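Close look at the chain arrangement
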Amino acid sequence: MRGSYREVVGSCFQVAAILFCAGASAQTAGTLTLVEGRLALVRGATLYTATQGVRLEYGDILAIDPKGQAQVEFQDGAILNLSQGARAMLTGVAPGARGQSEIAVLSGWAKFTQKKSGKGGPYRYLTPLAEIASGEATAVLNAGDDFTALYIESGTVRFFEIGKKGAQRTARDAKGGEFIVRRGEQPAAFAPRPSAEFVKNMPRHFQDNLPVLLERAKSRRAEPRREHEVTYAEVEAWLKVGSPIRRTFVKRFEARSKDPEFRRKLAENLREHPEWDRVLFPEKYETRDSNGPKSGPPGTKQ
């Protein structure tokens, strides 16, 4: 990075809910051009270990080693680097958004860049509290359940605040050098430079420009190594994220509900993902009698 680090690094989460579908998941979304440490990849309902050269698909969920990093490069020249335990999903292409790709960052550190010469459209980066629309920009993002921090190194982005129910509340443009922090339901705070804490905790390699490695990776194609069907713990954070996006996982992981342990954990945490009630207890939704209407979810009127 050549900005202030050394001289001095989403629609919303619910949009991702309608992006994950069988048709999109078979398309190549990007290529892993750099992997340091263990990289877990959830494709469908199966956990894999991925290495450099693996072609990623829409719907793939990535979990980065706490001391590692992984870089994803796209054919249009955009680059995404995930570090220090980041969890992200390549959700797909936003419908009606003219090819705008979306990436959900559930937690951890990420740096993304897209040059003006890129052939693709703008990207949307989604966190539990914000949506970032980025065209020609380079920025560093740190996200968690109750905070989102963003430093725009160069270019411009549009920052949308996301409410508890996923509704967009506020949108504002931000330019290179600006720093944005949002905590909980508080309005986002804008500053002319990143905080000392942000710079201190940021992955060191984010101070430099992300390397372009795609051409080299094209000759090193690899396939992910299958490990096992996912456990509840391995996808728990995604199942409990904002309601609109988590509903996409019912169909995706429904077969896992037949596993006794997975099913038990679903039932124990049903309050946090009530859409699984129909899968776990289908008898509640059977017809009341041979001539009566089908019952809906508890509390709904017929």
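Look a little higher up for the structure.
Notes on the structure in this doc start here. These figures come from a predicted structure and were not determined experimentally.

Attention now goes to the overall build of the protein chain. The helix and strand inventory of the protein chain stands at 8 helices and 15 strands. Taking all 302 residues of the protein chain together, 53% fall into the buried category. With the model as given, the accessible surface of the protein chain reaches about 14600 Å², and the carbon-plus-sulfur share is 49%.

It is worth spelling out helix H4 (residues 232-239) at this point. Taken together, the buried positions of H4 are Tyr232, Val235, Trp238 and Leu239. Each buried residue of H4 lies within a common arc of 120° when the element is viewed along its axis, so the set occupies one face.

Time to look at the nonpolar core. Counting 41 residues, the largest nonpolar core has Leu32 and Leu150 as its most contacted members. Looking at which element gives the most residues to this core, the answer is strand E10 (residues 130-144), with 6 residues. If we ignore the near neighbours within four places in the chain, the residues touching Leu32 are Leu39, Ala50, Thr51, Gln52, Gly53, Val54, Leu56, Ala70, Gln71, Val72 and Ala217. Val42, Leu106, Val241 and Trp276 belong to the second-largest nonpolar core, a separate cluster that totals 24 residues.

A few words now on the packing of aromatic side chains. Applying the stated criterion across every chain yields a total of 9 aromatic pairs. Ring plane angle 80° and centroid distance 6.3 Å describe the contact between Phe159 and Phe190, whose orientation is recorded as edge-to-face. Placement of the pair is Phe159 in strand E11 (residues 147-162) and Phe190 in strand E14 (residues 189-191), with a sequence separation of 31 residues. Ring centres of Tyr232 and Phe262 lie 5.7 Å apart, and the angle between their planes is 80°; on these two criteria the pair is classed as edge-to-face.

Turning next to the pairing of strand E1 (residues 28-36). For E1, the tally of buried residues reaches 7 of 9 residues, placing the bulk of the element in the interior. Sheet topology places E1 next to strand E4 (residues 55-57); 3 bridges connect them, and they run antiparallel. In the strand pairing of E4, Gly30 is matched with Leu56. When E1 meets strand E6 (residues 69-73), the two strands line up antiparallel, connected through 5 bridges.

Let's shift gears to unusual backbone geometry. One non-glycine residue, Gln84, lies in positive phi territory at about 50°. Along the chain, Gln84 falls in strand E7 (residues 79-93).

It is worth spelling out the pattern of salt bridges at this point. One pass over the full model with this rule turns up 17 salt bridges. Of the charged contacts in the structure, one is a salt bridge between Glu272 and Lys240, with a shortest N-O distance of 3.4 Å. With Glu272 in the loop between helix H7 (260-268) and helix H8 (277-280) and Lys240 in the loop between H4 and helix H5 (243-246), this residue pair connects regions lying 32 residues apart in the sequence. The class for Lys240 is partly exposed, based on a relative accessible area of 24%. A salt bridge links Lys265 to Glu268, with the shortest nitrogen-to-oxygen separation between them at 3.3 Å. Placement of both Lys265 and Glu268 in helix H7 is noted, with a separation of 3 residues, approximately one turn of the helix. Given the relative accessible area of 24%, Lys265 is considered partly exposed. Relative accessible area serves as the criterion here: at 48%, Glu268 is assigned to the partly exposed category. Each member of the salt-bridge network shares a partner with another, and the members are Glu261, Arg264, Lys265 and Glu268.

Thresholds applied
- Residues numbered from 1 in each chain as written.
- Predicted model: local features only at pLDDT ≥ 70, side-chain atom pairs only at ≥ 80, totals over all residues.
- Heavy atoms only, no water.
- Helix = DSSP H or I, 4+ residues; strand = E, 2+ residues; numbered from the N terminus.
- Buried < 20%, exposed > 50% of the residue type's maximum accessible area, 1.4 Å probe, protein only.
- Areas by Shrake-Rupley, 256 points an atom, 1.4 Å probe, with all protein chains shown as cover.
- Arc of directions from axis to C-beta.
- Core = buried A, V, L, I, M, F, W, Y, C linked by side-chain atoms within 4.5 Å.
- Contact = heavy atoms within 4.5 Å.
- Phe/Tyr/Trp six-rings, centres within 6.5 Å; stacked < 30°, edge-to-face > 60°.
- Pairing = 2+ DSSP bridges.
- Salt bridge = Lys/Arg side-chain N within 4 Å of Asp/Glu carboxyl O.

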